[in-house]
Amino acid sequence: MNFDFICVDYQFDFVNKAGKNFNKGKSIDFIENVLFPYLKSNGIKVSEIISDYRLPRGKSRNESCVPGTAGFNSCLPEDLRKGKQWIKCMHNPLWIRDNIGIANSNLGKEYQNPQLFNSWITENISNQNVVLFGETADCCLLQVASEFYFRGFDVYYIYEATDPMNERLDIKDQILSNSSISIYAKVLKFDEFRKLNGGN
């Protein structure tokens, strides 16, 4: 099987201990020490979806990943990145705004642009099978998974490469297997994925 990889919200504010919304799961260590070396050794490049969560932003009061600050910076290694980043302003990737991702800019009103997201998919995704990793399993990954599912893709999570929101590790298995995630994505342990990917 052939796969495309998409890294979601792997930004300083979410994955660095000094980040504003650091998610204290185990997935970050796995991504850094196992997944990234695996992708590099197999010559696999990764598409990326990140967030610009400046306010105002709907009903949210939590401002993070602000362009021009460390919190916005992607932690995906440059030598793994493929294509142009998609920048969203809500959990769902369809939501964008004028001047998104541009520091010290006048932000436009949030709006959905499925046509532009479709164009990004066409430019970056060439396989039927899409693997998502990053933060968090039941929030932004779930929203991305649903959009790819609705577009006819087969979506996968790597179990070790994401965690639930708010560090609910005690119920991670339940969240991944007995929630709406199971509608949109199949969760694979890393060894299971490697077998599907030819055993590499």
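Before reading further, recall that the structure is shown in the block above.
Residues numbered from 1 in each chain as written. Predicted model: local features only at pLDDT ≥ 70, side-chain atom pairs only at ≥ 80, totals over all residues. Heavy atoms only, no water.

Looking at the overall build of the chain
Helix and strand counts for the chain stand at seven helices and eight strands. Scaling as 2.2 N^0.38, a compact globule of 200 residues should have a C-alpha radius of gyration of about 16 Å, and the chain matches this with 16 Å. Each of the 200 residues in the chain was classed as buried or not, and the buried ones make up 51%. Considering only intrachain contacts with a sequence separation of at least 6, the fraction spanning at least 24 residues in the chain is 72%. For the chain, the computed accessible surface area is about 9,600 Å², with 47% contributed by carbon and sulfur atoms. Considering the chain, the positive charge centre built from 23 side chains and the negative charge centre built from 24 side chains are found 2 Å apart. (Helix = DSSP H or I, 4+ residues; strand = E, 2+ residues; numbered from the N terminus. Rg over C-alpha atoms; globule rule 2.2 N^0.38 Å. Buried < 20%, exposed > 50% of the residue type's maximum accessible area, 1.4 Å probe, protein only. Contact = heavy atoms within 4.5 Å. Areas by Shrake-Rupley, 256 points an atom, 1.4 Å probe, with all protein chains shown as cover. Lys, Arg positive; Asp, Glu negative; His and termini not counted. Charge placed at Lys NZ, Arg CZ, Asp CG, Glu CD.)

A closer look at the nonpolar core
Within the largest apolar cluster, 63 residues are counted, with the highest numbers of intra-cluster contacts made by Phe5, Leu35, Phe148 and Tyr157. Among the elements that line this core, the one with the most residues is helix 2 (residues 27–41), at seven residues. When sequence neighbours within four positions are dropped, the list of residues in contact with leucine 35 reads Phe5, Phe30, Phe133, Ile158, Ala161 and Phe190. (Core = buried A, V, L, I, M, F, W, Y, C linked by side-chain atoms within 4.5 Å.)

Re the pairing of strand 7 (residues 154–163)
Most of strand 7 sits out of view: eight of its ten residues are buried. Note that strand 6 (residues 129–135) and strand 7 share six bridges and pair parallel. Bridge pairing in strand 7 links asparagine 129 to aspartate 154. Each parallel crossover has a hand, and for strand 6 linked through helix 4 (residues 140–150) to strand 7 it is right-handed. When strand 7 meets strand 8 (residues 186–188), the two strands line up parallel, connected through three bridges. Across the sheet, tyrosine 157 pairs through a bridge with valine 187, a residue of strand 8. (Pairing = 2+ DSSP bridges. Right-handed = clockwise from strand over helix to strand, strands pointing away.)

A word on a nonpolar patch on the surface
Residues Tyr149, Phe150 and Ile183 make up a contiguous nonpolar surface patch of roughly 320 Å² in combined accessible area. Tracing the sequence through the fold places phenylalanine 150 in helix 4. (Patch = residues over 30% accessible without salt bridge, like charges linked within 9 Å, V, L, I, M, F, W, Y side chains within 5 Å. Salt bridge = Lys/Arg side-chain N within 4 Å of Asp/Glu carboxyl O.)

So, the sheet that holds strand 7
Read across the sheet, six strands follow the order 3-2-1-6-7-8 without closing on themselves; strand pairing throughout is parallel. Edge positions in the sheet fall to strand 3 (86–88) and strand 8, since each of these pairs with one other strand and no more. Averaged over all adjacent pairs, the angle separating strand axes in this sheet is 30 degrees, with direction ignored. Of the strands in this sheet, strand 1 (3–8), strand 2 (46–51), strand 6 and strand 7 are in contact with helix 2, which crosses strand 7 at around 125 degrees. The sheet contacts of helix 3 (residues 114–124) involve strand 1, strand 2 and strand 3, and relative to strand 2 the element is tilted by about 155 degrees. (Axes fitted to C-alpha atoms, helices over the stretch in contact; angles between N-to-C directions.)

Overview of unusual backbone geometry
Leucine 55 connects to proline 56 through a cis peptide bond whose omega is 0 degrees. By secondary structure assignment, the location of proline 56 is in the loop between strand 2 and strand 3. Following glutamate 135, the chain continues into threonine 136 via a peptide bond in cis, with omega recorded as -10 degrees. With respect to the helices and strands, threonine 136 occurs in the loop between strand 6 and helix 4. Positive phi, normally seen in glycine, also occurs at cysteine 65, with a value near 50 degrees. Note that cysteine 65 resides in the loop between strand 2 and strand 3. Positive phi, close to 65 degrees, is recorded for asparagine 99, a residue that is not glycine. Positionally, asparagine 99 belongs in the loop between strand 4 (95–96) and strand 5 (111–112). Judged by relative accessible area, which is 35%, asparagine 99 ranks as partly exposed.

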